[in-house]
Amino acid sequence: MSVLPSALAEIVEDFAAVGASDKLTLLLEFSRELPPLPAELEQSAMEPVPECQSPLFLSVDDSDRDNVRLYFSAPPEAPTTRGFASILAQGLDGHSADEILGVPDDFYSALGLAEAVSPLRLRGMSAMLARIKRHLRG
């Protein structure tokens, strides 16, 4: 059985604790908290995620498989995409490769955003997680 890493489980609980109308507000808050890229990482060196509605780039540093580092870049005018990226960054960054690989592919359904966000946008979040896992399996 898959278990969410504690940080990601807390985020899922935060979304579960708010009503439907507040879920988008919470997602917007996450979008504002997306960590900036480190100075040594150029967006051009990152992997694009074309399934996202807005430009999204990610980088997975698994040189230490016990402390995987995740980096995301999305424009400020793409709050939904930034929010999804921030959820993954805050929920998975610093966890082990095994913990990340154990995250259910559809964990985002537990966020309860299906009524507030289009299925196309939700597929973008799924694609981000799939690319992270593909890199870790590579």
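For the structure itself, consult the block above.
None of these values were measured; they are calculated from a predicted model.

A. Summary view of the nonpolar core. Ranked by size, the top nonpolar core spans 38 residues in total, and within it F72, I87 and F107 carry the most contacts. Taken together, the elements giving at least two residues each to this core come down to α1 (6-16), α2 (20-32), β2 (57-61), β3 (69-73), α3 (79-92), α4 (97-101) and α5 (119-137). Tallying contributions element by element places α5 first for this core, with seven residues. Contact partners of F72, with chain neighbours within four places excluded, come to L34, P35, L37, M46, L56, F57, L58, A85, L88, A89, M128 and I132.

B. Representation of the packing of α3 against α5 within the structure. Running from N to C, α3 and α5 cross one another at 35°; their axes reach a closest spacing of 10 Å. As for how α3 packs across α5, the hand of that crossing is right-handed. Residue-level inspection shows T80, T81, F84, A85, I87, L88 and L92 of α3 in contact with α5, the latter providing R121, L122, M125, M128, L129 and I132. For the contact of α3 with α5, a count of residues per class yields 10 nonpolar, two polar and one charged.

C. View of a negative patch on the surface. A surface patch of negative charge is lined by D64, D66, D98 and E99. Mapped onto the fold, E99 is located in helix α4. Overall, E99 belongs to the partly exposed group, its relative accessible area being 36%.

D. Quick look at the pattern of salt bridges. A full pass over the atoms with the stated rule returns six salt bridges. D62 is paired through a salt bridge with R65; the nearest N and O atoms lie 3.0 Å apart. Among the residues examined, R65 registers a relative accessible area of 35% and is labelled partly exposed. K133 is the partner of D105 in a salt bridge, and the nearest nitrogen-oxygen pair spans 2.6 Å. With D105 in the loop between α4 and α5 and K133 in helix α5, the pair connects residues that are 28 residues apart, well separated along the chain. Connected via shared salt-bridge partners are E47, E51, R131 and R134.

E. Structural context of the pairing of β2. In terms of residue burial, β2 counts as a mostly covered element, since four of its five residues are buried. Where strand β1 (residues 47-48) meets β2, two bridges bridge the pair, whose relative direction is antiparallel. Paired with P48 across the two strands is F57, which belongs to β2. The pairing of β2 with β3 spans five bridges and is classified as antiparallel. Residue pairing in the sheet places F57 in a bridge with S73 of β3.

Parameters at a glance
- Residues numbered from 1 in each chain as written.
- Predicted model: local features only at pLDDT ≥ 70, side-chain atom pairs only at ≥ 80, totals over all residues.
- Heavy atoms only, no water.
- Core = buried A, V, L, I, M, F, W, Y, C linked by side-chain atoms within 4.5 Å.
- Buried < 20%, exposed > 50% of the residue type's maximum accessible area, 1.4 Å probe, protein only.
- Helix = DSSP H or I, 4+ residues; strand = E, 2+ residues; numbered from the N terminus.
- Contact = heavy atoms within 4.5 Å.
- Axes fitted to C-alpha atoms, helices over the stretch in contact; angles between N-to-C directions.
- Left-handed = near helix turned anticlockwise from the far one by under 90°.
- Nonpolar A, V, L, I, M, F, W, Y, C, P; charged D, E, K, R; others polar.
- Patch = residues over 30% accessible without salt bridge, like charges linked within 9 Å, V, L, I, M, F, W, Y side chains within 5 Å.
- Areas by Shrake-Rupley, 256 points an atom, 1.4 Å probe, with all protein chains shown as cover.
- Salt bridge = Lys/Arg side-chain N within 4 Å of Asp/Glu carboxyl O.
- Lys, Arg positive; Asp, Glu negative; His and termini not counted.
- Charge placed at Lys NZ, Arg CZ, Asp CG, Glu CD.
- Pairing = 2+ DSSP bridges.

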